[in-house]
Amino acid sequence: MTIDARWSMWRVFRHAGDVPVLLSYATADALWAQWINRSLQAAGHAVQMLPAGVDFVHRIADALSGSDQVIILVSAEHRASTSDWSEVPLVPGLVVIRLDAAELPAPLRAANCKSVHELDEEEALEVLMVAVGGPQNPFSRTA
């Protein structure tokens, strides 16, 4: 895997700032991503949204090389290839959230995977909070 200079600068920026959760998602899953973003922010987490596109896997790998937490939303709509997924490091900071009944890509099956498929909002929020270790703000409306 080759990471160009602009990703190295992005890594310095990420690890120096207050952005502990990177949220990666397919464009088709933007509504889920927005809900998760709002829920995490309400719980006191800083979030950076990363729509899947060119080099998104490199940005995920960069984030996981530090102490950042990464959430990847996976659904039947995600168009990443098996080779893309095989480049994602399976480390403790990675959480994969399955949005629908689609099977997880083989390279991600050993990751920390959660599912919100067929859950109501309250149940999905509970899964999300467990995935990120709970609210950062004890006075948040998700506590």
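Overview of the structure. (Residues numbered from 1 in each chain as written. Predicted model: local features only at pLDDT ≥ 70, side-chain atom pairs only at ≥ 80, totals over all residues. Heavy atoms only, no water.)

1. Regarding the pairing of strand 1 (residues 21-25)
Across a regular strand the side chains alternate sides, sitting on one face of the sheet and then on the other.
Now for step 1: Burial runs high along strand 1: 5 of the 5 residues are buried.
Now for step 2: For the segment spanning strand 1, helix 2 (residues 30-42) and strand 2 (residues 47-51), crossover handedness is right-handed.
Now for step 3: Summarising the sheet, strand 1 and strand 3 (residues 69-74) pair through 4 bridges and their orientation is parallel. Bridge pairing in strand 3 links L23 to I71. (Buried < 20%, exposed > 50% of the residue type's maximum accessible area, 1.4 Å probe, protein only. Helix = DSSP H or I, 4+ residues; strand = E, 2+ residues; numbered from the N terminus. Right-handed = clockwise from strand over helix to strand, strands pointing away. Pairing = 2+ DSSP bridges.)

2. Things to note about the pattern of salt bridges
Side chains bearing opposite charge may pair, as long as their charged atoms lie close to each other.
Now for step 1: Enumeration according to the criterion identifies 2 salt bridges in this entry.
Now for step 2: Across the pair R109 and E103 runs a salt bridge whose closest N-O atoms are separated by 2.4 Å.
Now for step 3: Accessibility expressed as a relative area gives 45% for R109, which makes it partly exposed.
Now for step 4: With a relative accessible area of 63%, E103 lands in the exposed category. (Salt bridge = Lys/Arg side-chain N within 4 Å of Asp/Glu carboxyl O.)

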